[in-house]
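Each chain, written out:
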Amino acid sequence: MHPCGNFRERYQQELSVFTTDFGRIWTGIGILLLITLVPLSASPYMLYIFNMIGITAIAVIGLNILIGFTGQISLGHGAFFGVGAYAGAIFSTALHLPMLLCIPAAGLTTALVGMIFGIPSGRLKGLYLTIATLAGQFIIEYVLIHWESLTKGTMGITLPPASLLGLSLRGDLGFYYLIFISLAGMVWIAVNLIRTRYGRAFIAIRDNDRAAEGMGIPIFRYKLLSFGISSFYAGFAGALWAFYMGSITAEPFNLGLSVEYIAMVIIGGLGSISGSIFGAVFITLLNEALRFMTGLLMNSDLFSTSELNIAPLREFVFGLAIVLFILLEPRGLAELWRIIRSNFRLWPFSY
Amino acid sequence: MDFFIQLLVGGLSVGFLYGLSAMGFVMIFKSSSVLNFAHGELIAIGAYFFLAFVTWAKIPILLSFLLALAGCFLLGILIERIFLRPLIGEPLIFVVMLTVGLAAMFKGLILFIWGGNLFTYPDFLPKALGIDWKIIRIPPVYGATLIIGTLFLILFGLFFKFSSQGIYMRSVADNQRAALSLGVHVKRVFALSWAIAALVAGMSGMVLGIINGVNVHDLSGIGLKVFPVVILGGLDSIGGAIIGGIIIGLLETFTGGYISPSLRDVVPYIVLVLILLLKPYGLFGLKEIERV
């Protein structure tokens, strides 16, 4: 049991990932359930949703490292995701690399692109940097469509069937394992990254860049590094997505996707790795639920006869979710989860 | 040469429209330092208000123009009151994302009510406003735009220069804390600047609607074009917004005409990155930007 208050005595305790064995055990049980129970019991549609959540979560963790931990707002994450998808597809079709090599290579390529578009952060901060990344989003989108010799323009690229170490990786189930092993690895890296000197430098830059500079942190280098790591996550997720989908076009990687990723970061909780996963789960489920609802409403008598168009309400609810979270719980789902937990823990003397 | 002059005239007219659309954006940034991503939707809402008054309610043109402006004014006050005021003092990303969320909400609502089709206003402008002189052809709408735009510029110039509310607004833009300590009602100034910005945005939406027809996707897309314009002109300069708009408009039409039509839409953003790297405070902005 926790007492209320902070009674840590050593720095190791401050750095610990799990504060109690209780959390450790439940995390283990959760992972076990994800590996065993879910693939056996879930329908293909459920597996598809799980896979989408997993891919999205990887990308959102990357963005959270940039926004939540380093404090640099980027509106180009959707485009970086697209760069990763195209890089994976091109490595696979043009160079015939195996998938196991393609995905990390795509991540590294995207990290390079991300660092190039992170260069303005050397001179700009805050609003101006946000606008610069917005420009990056449009420029990358343009290049993806118009560099026809490489990306085949609006035709898109069809990838060869995915295979891993000679085993053919068909269907949702195979990808489920691949995606969740990747997600677990990426979460592990991110959680530990935050505890190293790099992560602490990121947090120092977020909290006060001048003080960080004064304490001897070369902030431009660390900002670039943060852009690189964040884009690596986006590119990795993008390449996974490309292999999972089987064919890609430049269309989905627009500003809307970038906005959706930032929404996930905020709704999940800025500066929280678990929050990124919560955000990815929340928005993906919200999207699916709204799709289901609009499908249901469109077929009902009330709306199919009237002139009103029900589909745009999805966009409205998405916007409403962002606005409500910012106004009511700006620290996101991670904070809600913490409050619920501590309520249980301190019951009946919660305060 | 004919082609060049055609492009020049086209670029100037498009650019003036960009500048007009950017004016409201600058006004909000100047007084409350909010980067408004919902600006395109505010533009669209103005156009749809006008559309509703003209075609649904069948109110005379001039009266519905004024009614639509009043509607935008009220909407601006409401937005500030309900959504922006609780966020005073919160980190930047929340404010930015709030306007992004508002943009999605407004766009969803407009699509829900009117759908994504193209609407046109009834033709009401007199032909005398246009110019038809050999190769230079300016349709009447552009003439009307020029008149309306100049009128608004003069009105706002006078408003900021002489009225007490305008002076309050300038003082808040200049130094919020000093204004507060001298007894300026800063919150009211924020509300007023949102209201005026929504009004200007709505006005430019109506003008754009007269020229290109009313379509929510096109109109809200203008909201993103505003960024290169205001960065070029300087984020807090209203005159700079007009000049930045004209430069961006010329740049777009000339690249579209001489280099490649597909490059047209991305050129403003390339310029945007270059300006940010070389001269981040723009042509006429205050040199107050905090460097890293």
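This write-up is about the structure you can find in this document.

Cut-offs and rules
Residues numbered from 1 in each chain as written. Chains lettered and ligands numbered in written order. Predicted model: local features only at pLDDT ≥ 70, side-chain atom pairs only at ≥ 80, totals over all residues. Heavy atoms only, no water. Salt bridge = Lys/Arg side-chain N within 4 Å of Asp/Glu carboxyl O. Buried < 20%, exposed > 50% of the residue type's maximum accessible area, 1.4 Å probe, protein only. Helix = DSSP H or I, 4+ residues; strand = E, 2+ residues; numbered from the N terminus. Expected span 1.5 Å × (residues − 1). Contact = heavy atoms within 4.5 Å. Axes fitted to C-alpha atoms, helices over the stretch in contact; angles between N-to-C directions. Parallel < 35°, antiparallel > 145°, perpendicular 65-115°, else oblique. Left-handed = near helix turned anticlockwise from the far one by under 90°. Bend = angle between axes of the 7 residues up to and from the residue. Polar contact = N/O pair within 3.5 Å; in protein donor to acceptor, adjacent residues only side chain to side chain.

## What about the pattern of salt bridges?
The full count for this structure, using the stated rule, is eight salt bridges over all chains. Ionic pairing is found between Arg206 of chain A and Asp207 of chain A, a salt bridge with its closest N-O pair at 3.1 Å. Taking relative accessible area as the criterion, Arg206 of chain A reaches 35% and is therefore assigned partly exposed. For the salt bridge of Glu335 of chain A with Arg331 of chain A, the shortest nitrogen-to-oxygen distance reads 3.8 Å. For Glu335 of chain A, a relative accessible area of 12% corresponds to the buried category. Connected through shared salt-bridge partners, Lys225, Glu252, Arg264 and Asp265 of chain B make up one network.

## Remarks on helix H5 (residues 99–118) of chain A
Taking 1.5 Å of rise per residue, the 20 residues of H5 of chain A would be expected to cover 28 Å, and the 28 Å separating its terminal C-alpha atoms lies within 8% of that figure. Buried residues along H5 of chain A sit in contact with helix H4 (77–94), strand S2 (163–164), helix H8 (171–195) and helix H11 (219–245) of chain A.

## Concerning the environment of Ile138 of chain B
When you line up the elements, Ile138 of chain B lands in strand S2 (residues 136–138). In this structure the C-alpha to C-alpha distance between Ile138 of chain B and Val9 of chain B, which are 129 residues apart in sequence, comes to 7.9 Å.

## Focus on the packing of helix H3 (residues 44–69) of chain A against helix H13 (residues 273–299) of chain A
All names here are of chain A. Put simply, H3 and H13 touch, their axes get as near as 7 Å, and they point 135 degrees apart. Classed by the angle they form, the pair H3 and H13 counts as oblique. As for the relative orientation of H3 and H13, their crossing is right-handed in sense. Facing H3, whose interface residues are Tyr45, Ile49, Met52, Ile53, Thr56, Ala57, Val60, Ile61, Asn64 and Phe69, H13 presents Ile273, Ser276, Ile277, Ala280, Val281, Thr284, Leu285 and Glu288.

## Brief notes about the side chain of Ser231 of chain A
Along the polypeptide, Ser231 of chain A turns up in helix H11. Setting aside chain neighbours within four positions, we find Ser231 of chain A in contact with Phe80, Gly107, Thr110, Ala111 and Gly114 of chain A.

## Re the side chain of Ser92 of chain A
Residue and element names in this part refer to chain A. Within the secondary structure, Ser92 sits in helix H4. A residue is classified by how much of its surface remains accessible, and Ser92, at 5% relative accessible area, is buried. When residues no more than four places from it in sequence are discounted, the contact partners of Ser92 are Leu97, Cys102, Pro160 and Phe243.

## Points about unusual backbone geometry
Of note in the backbone geometry, His96 of chain A takes a positive phi value of approximately 55 degrees without being a glycine. Relative to the helices and strands, His96 of chain A is located in the loop between H4 and H5. Note on His96 of chain A: relative accessible area 63%, which makes it exposed. Residues other than glycine seldom take positive phi values, yet Lys58 of chain B does so here, at roughly 55 degrees. Relative to the helices and strands, Lys58 of chain B resides in the loop between helix H2 (39–56) and helix H3 (61–84). What makes Lys58 of chain B exposed here is its relative accessible area of 65%.

## A closer look at helix H9 (residues 216–233) of chain B
Residue and element names in this part refer to chain B. In this model, H9 (18 residues) spans 26 Å end to end at C-alpha, consistent with the 26 Å of a helix rising 1.5 Å per residue. By the largest-angle criterion, Lys225 marks the main kink of H9, which is about 30 degrees, and a proline, Pro228, follows within four residues. Across the 18 residues of H9, 14 count as buried, placing the element largely inside the fold. Among the residues of H9, the N-terminal cap falls to Asn215, whose side-chain oxygen and the backbone nitrogen of His217 are separated by 2.9 Å. The first or second residue beyond H9 is Gly234, which carries a positive phi of 100 degrees.

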